[in-house]
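# Structural overview
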Amino acid sequence: MSILRQFCAARLVVLTALLFSVAIYPASGQNFSEDFANVIPLPAGWEQMNLSDPAGINPIWFQGNVVVFNGQAGAVNSYIAANYQGVSGANPISNWLFTPTRTLKNGDKLTFYARTATASTFPDRLQVRMSLNGTSTNIGTTNTSVGDFTTLLLDINPTYTVGGFPDTWTQYSVTLAGIASPRLGRFAFRYFVENGGPDGTNSDYVGIDTVT
């Protein structure tokens, strides 16, 4: 065999091996962990959007406030939070927090801690949604739209029960199923509270910590 043919054959073997490796391990290196030690700016890969209308005086997710409660782990303010000031008046709050993009497949698990203020009498609600549309953060344009994030994985206190949202750090976990093949996508936390805001009967303060 000539040197040229040997070289070409070797390149073919290497290329085949690489392709085979990619086919077997499409989701390698997909783990992530976030403790929100610093949230301004947001950690790499995280994004946020508030579709509450009209927006309130504090429309973004912010660093945990130790006056309300301490973080689940790490420094006392090491968590991310949102509150009733995301909207004005008495209106729906729709405040979104997007995780980094990952290749998602059946069996993948998202775990996090969440809580509200101690003995709160203003019910809170938090959803976890999923999009399989790549890096998209499309959630539509209204306070009720969800865009690409049509898959509801978890809904904490959807009936707005006083005490229905835990006021101590509580761990939640969702395991993915029903995905035909690995897809690029991302999760989103949605602080979604109807009749929220400073004049509403619902919404107070929620924190999220230790997302893995």
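Scoring rules and cut-offs
- Residues numbered from 1 in each chain as written.
- Predicted model: local features only at pLDDT ≥ 70, side-chain atom pairs only at ≥ 80, totals over all residues.
- Heavy atoms only, no water.
- Helix = DSSP H or I, 4+ residues; strand = E, 2+ residues; numbered from the N terminus.
- Buried < 20%, exposed > 50% of the residue type's maximum accessible area, 1.4 Å probe, protein only.
- Contact = heavy atoms within 4.5 Å.
- Areas by Shrake-Rupley, 256 points an atom, 1.4 Å probe, with all protein chains shown as cover.
- Core = buried A, V, L, I, M, F, W, Y, C linked by side-chain atoms within 4.5 Å.
- Pairing = 2+ DSSP bridges.
- Phe/Tyr/Trp six-rings, centres within 6.5 Å; stacked < 30°, edge-to-face > 60°.
- Lys NZ or Arg CZ within 6 Å of the ring centre and 35° of its normal.

### So, the overall build of the protein chain
Scanning the protein chain from terminus to terminus reveals one helix and 11 strands. Each helix and strand of the protein chain, ordered N terminal to C terminal, gives the series α-β-β-β-β-β-β-β-β-β-β-β. Within the protein chain, buried positions represent 44% of all 212 residues. Sequence separation of at least 24 residues holds for 81% of the intrachain contacts in the protein chain that already meet a minimum separation of 6. Of the roughly 10,400 Å² that the protein chain leaves accessible, carbon and sulfur atoms contribute 57%.

### Observations regarding the nonpolar core
Core analysis: the largest hydrophobic core is formed by 32 residues, its most contacted members being Trp 61, Phe 112, Leu 126, Phe 189, Ile 208 and Val 211. Elements with a contribution of two residues or more to this core: strand E3 (80-83), strand E4 (91-98), strand E6 (109-116), strand E7 (126-131), strand E9 (170-175), strand E10 (183-196) and strand E11 (205-209).

### With respect to unusual backbone geometry
The amide bond that connects Ile 40 to the next residue, Pro 41, takes the cis arrangement and shows omega of -5°. You can see Pro 41 is positioned in the loop between helix H1 (3-24) and strand E1 (47-50). Residue Pro 54 is bonded to the preceding Asp 53 through a cis peptide linkage, with omega at 0°. On the secondary structure map, Pro 54 appears in the loop between E1 and strand E2 (62-63). You will see that Ser 203, though not glycine, has its phi angle at about 90°, which is positive. By the secondary structure assignment, Ser 203 is in the loop between E10 and E11. Even without being a glycine, Thr 210 presents a positive backbone phi close to 50°. Considering the arrangement of structural elements, one finds Thr 210 in the segment after E11.

### Remarks on the sheet that holds E6
With antiparallel pairing, five strands are arranged side by side in an open sheet as E2-E3-E11-E6-E9. Every other strand in the sheet has two partners, leaving E2 and E9 as the edge strands with one partner each. Relative to E11, E6 runs antiparallel, the two sharing four bridges. By the bridge assignment for E11, Thr 116 is matched with Val 206.

### Concerning the packing of aromatic side chains
Counted by the stated rule, this structure contains 12 aromatic pairs. Seen from their ring centres, Trp 96 and Phe 98 are 6.1 Å apart, and the 15° between their planes marks the pair as stacked. For Phe 98, a relative accessible area of 0% gives the class buried. Here the aromatic rings of Phe 98 and Phe 149 are separated by 5.3 Å at their centres, their planes lie at 50°, and the arrangement is tilted. Of this pair, Phe 98 sits in strand E4 while Phe 149 sits in the loop between E7 and strand E8 (151-156); the two residues are 51 residues apart in sequence, bridging distant segments of the chain. An identical accessibility class is assigned to Phe 98 and Phe 149; each is buried. Chaining the aromatic ring pairs together yields one cluster made of Phe 62, Phe 69, Tyr 79, Trp 169 and Tyr 205. The ring of Phe 69 carries the charged tip of Arg 115 above its face, separated from the ring centre by 4.0 Å. Sitting over the face of the ring of Phe 192, Arg 190 holds its NZ or CZ atom 3.8 Å from the ring centroid.

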